[in-house]
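Residues per chain are reported as follows:
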Amino acid sequence: MNIPYFFDKDDYLQNHIMRQFLKEHKLKLVDNRADYIKAIEDFANQNEDTKKETINWLSKIVKEGSKEICYKKINNFEKWRKNYKLIENTIKNTFVNCPMKNILAYKNTEKQTMIEYKIITNEKKEVIKIDFTYSILFLCGEQGELGEALTFPVFIEIYLDKGFIISREKAKSTLYQYNKNDYSLKKDKKINTMTYAVKIIDEIIKIFEFKTEDNNKIVKSEISQMLYKLYIQYSFTPKSVTEKISSQNFLIENFVDKIFSSLNLDIRNKPKAIIDMEIFVEKFISINGNNENIFKDRPAYLIKISADDDIELTKIDTVSDKDVPLQCTEAFFDCKKAIVKNKKCNHLNLIFKHRNNNNFQKTFLVKLGMHKNYGYVKTMQYAEEADIQNVLQAIFDNY
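Residues numbered from 1 in each chain as written. Predicted model: local features only at pLDDT ≥ 70, side-chain atom pairs only at ≥ 80, totals over all residues. Heavy atoms only, no water.

**Section: the overall build of the protein**
Within the protein, the secondary structure is distributed over 14 helices and eleven strands. Taking the principal axes of the C-alpha coordinates as reference, the protein spans close to 85 × 55 × 50 Å. Each of the 399 residues in the protein was classed as buried or not, and the buried ones make up 50%. Long-range pairs, those at least 24 residues apart, make up 65% of the contacts in the protein between residues at least 6 apart in sequence. On the protein, roughly 20,800 Å² of surface is accessible, and the fraction owed to carbon and sulfur atoms is 49%. Computed over 64 positive and 56 negative side-chain charges, the separation of the two mean positions in the protein equals 2 Å. (Helix = DSSP H or I, 4+ residues; strand = E, 2+ residues; numbered from the N terminus. Buried < 20%, exposed > 50% of the residue type's maximum accessible area, 1.4 Å probe, protein only. Contact = heavy atoms within 4.5 Å. Areas by Shrake-Rupley, 256 points an atom, 1.4 Å probe, with all protein chains shown as cover. Lys, Arg positive; Asp, Glu negative; His and termini not counted. Charge placed at Lys NZ, Arg CZ, Asp CG, Glu CD.)

Below is the structure:
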């Protein structure tokens, strides 16, 4: 077997992943990318068992890595969970010419095609997930030049146990509609990968007659509240910091009392003043410069947030360096009160820890946000399947 060209061209096969494959199979390590690919192909071509193992591995790898994920909440999905036959018949009747070929074997055309599907059940024989693989040929390159034909897969997953439908694809800004007679890359033929993937999500929603919220304002509100829950989950105040704040309660209350008495201020505002003082104390404990690790000792930590301050009619947009939790910066505390009051966020950048401790990197960047009537996630470094599932579960749990 030969590994399809697009695996290499679009960097689905990263060097550290191929090196890991060689180590696991006790194969000789090599010096460059071309030799990595050849070594894997040579292993696959030893016999049918090694070929099957390699195909399964590549089918997993193509869904991992740096991915652009779009998602929608779905309703009225319960009837599908307990009826495997109904799902299978619906798929077969809709996709009559589905070739049931994996992404390595399918010969692509300019036509969007659902090439393979899988129905996953639990121990009760209830359907918990449906996976679809779509594939198409696009042209790749810079506008105004001649493009190169390239396979572009999109993976659709329906989580019936969670009530979500998602897409996974490679984020690319250099794709254009394929034309076998004209490889020139024209502006009006450019592909937006996120728009393309969401269009497939909407087609699947119609096929299964799922109900989704299409009111943009309602969807925006739901996603922004979910992002706020993630903000709270991953930027909680460590116990050691809360203990230090509590140890200053007498000073805080005494200070507020003196200020209000000295300036003859309205005592009804004292609770607000105490909250402000607690944030003040927390801020200077947190940015002291000697305790970044306590803000990293969690599954993920925040490095960027954007939100709308409905009270002040302004936008909040704060960011820190990747290696520095936003919670260790003044910017975090300058906007904390407004965010907590509104309980909504527009975008978050989080540094997640890898689930696999053997990964050559310890962390990876995840961007979360919303666009039109769907939410999105972007894994900006290589994320394994367990990493992607971990991020998705955080969304499912907080939606």
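Next comes the rest of the write-up.
**Brief notes about unusual backbone geometry**
Not every positive phi belongs to a glycine, and D11 is a case in point at roughly 60°. For D11, the location among the structural elements is in the loop between α1 (5-9) and α2 (15-24). Of note, the phi angle at E209 is positive, near 55°, even though the residue is not glycine. Structurally, E209 can be placed in the loop between α7 (193-208) and α8 (216-234).

**Some details on the packing of aromatic side chains**
Enumeration according to the criterion identifies 24 aromatic pairs in this entry. Centroid distance F21 to F43: 5.5 Å. Interplanar angle 80°. Geometry classified as edge-to-face. Linking F21 in helix α2 with F43 in helix α3 (residues 33-44), this pair joins segments that are 22 residues apart in sequence. Each member of the pair F21 and F43 is classed as buried. Ring centres of F138 and F152 lie 5.7 Å apart, and the angle between their planes is 45°; this geometry places the pair in the tilted category. (Phe/Tyr/Trp six-rings, centres within 6.5 Å; stacked < 30°, edge-to-face > 60°.)

**Concerning a nonpolar patch on the surface**
Together, F255, I259, L263 and L265 give the surface a local cluster of nonpolar side chains, amounting to about 350 Å² of exposed area. Take I259: it is sitting in helix α10 (residues 249-263). Assessed through its relative accessible area of 33%, I259 is described here as partly exposed. (Patch = residues over 30% accessible without salt bridge, like charges linked within 9 Å, V, L, I, M, F, W, Y side chains within 5 Å. Salt bridge = Lys/Arg side-chain N within 4 Å of Asp/Glu carboxyl O.)

**Digging into the pattern of salt bridges**
Under the definition given, this model contains 23 salt bridges. K60 is the partner of E64 in a salt bridge, and the nearest nitrogen-oxygen pair spans 3.1 Å. What makes E64 buried here is its relative accessible area of 3%. Of the charged contacts, one joins K270 and D257 as a salt bridge, the two residues approaching to 2.7 Å between their closest N and O atoms. Note that K270 is positioned in helix α11 (residues 270-286) and D257 in helix α10, a separation of 13 residues in sequence. Assessed through its relative accessible area of 22%, K270 is described here as partly exposed. Judged by its relative accessible area of 36%, D257 is partly exposed.

**Quick notes on the pairing of strand β1 (residues 68-73)**
One face of the sheet, then the other: side chains in a regular strand alternate in exactly this way. Burial analysis of β1 places five of its six residues in the buried class, the great majority of the element. Pairing between β1 and strand β5 (residues 164-169): six bridges, direction antiparallel. Bridge assignment links K73 to a residue of β5, and that residue is F164. The pairing of β1 with strand β11 (residues 374-379) spans four bridges and is antiparallel. Bridge pairing in β11 places E68 opposite K378. (Pairing = 2+ DSSP bridges.)

**Regarding helix α6 (residues 84-94)**
For α6, every residue scored as buried is listed here: I87, E88, T90 and I91. Projected down its long axis, α6 carries its buried residues within an arc of 160°, all on one side. Exposed side chains of α6 directed beyond 90 degrees from the buried face belong to K85 and N93. Residues of α6 that are buried in the fold lie against α5 (78-81), β2 (113-121), β3 (127-140) and α7. (Arc of directions from axis to C-beta.)

**What about the pairing of strand β4 (residues 148-159)?**
In terms of burial, β4 is a largely internal element, ten of the twelve residues being buried. As paired elements, β3 and β4 share twelve bridges and run antiparallel to each other. In the strand pairing of β4, D131 is matched with E157. Two elements, β4 and β5, share five bridges in a ladder whose sense is antiparallel.

**Section: a negative patch on the surface**
Residues E24, E48, D49 and E53 make up a contiguous surface patch of negative charge. For the negative patch, the element with the most residues is helix α4 (residues 48-61), which contributes three residues. Structurally, E24 is set in helix α2.

**Re the packing of α8 against helix α14 (residues 385-398)**
Packing of α8 against α14 leaves a shortest axis separation of 9 Å and a crossing angle of 115°. As summarised for this structure, α8 and α14 are arranged roughly perpendicular, according to the angle between their axes. Crossing hand, α8 versus α14: right-handed. For the pair formed by α8 and α14, the contact residues are M226, K229, L230, Q233 and Y234 on the first element and A394, I395 and N398 on the second. (Axes fitted to C-alpha atoms, helices over the stretch in contact; angles between N-to-C directions. Parallel < 35°, antiparallel > 145°, perpendicular 65-115°, else oblique. Left-handed = near helix turned anticlockwise from the far one by under 90°.)

**Notes on the packing of α3 against α4**
Direction vectors running N to C along α3 and α4 enclose 135°, while the axes themselves pass 7 Å from each other. With respect to each other, α3 and α4 are oriented oblique. On α4, the residues that touch I40, F43 and A44 of α3 are T50, K51, E53, T54 and W57. Within the contact of α3 with α4, the residues separate by chemical class into four nonpolar, two polar and two charged. (Nonpolar A, V, L, I, M, F, W, Y, C, P; charged D, E, K, R; others polar.)

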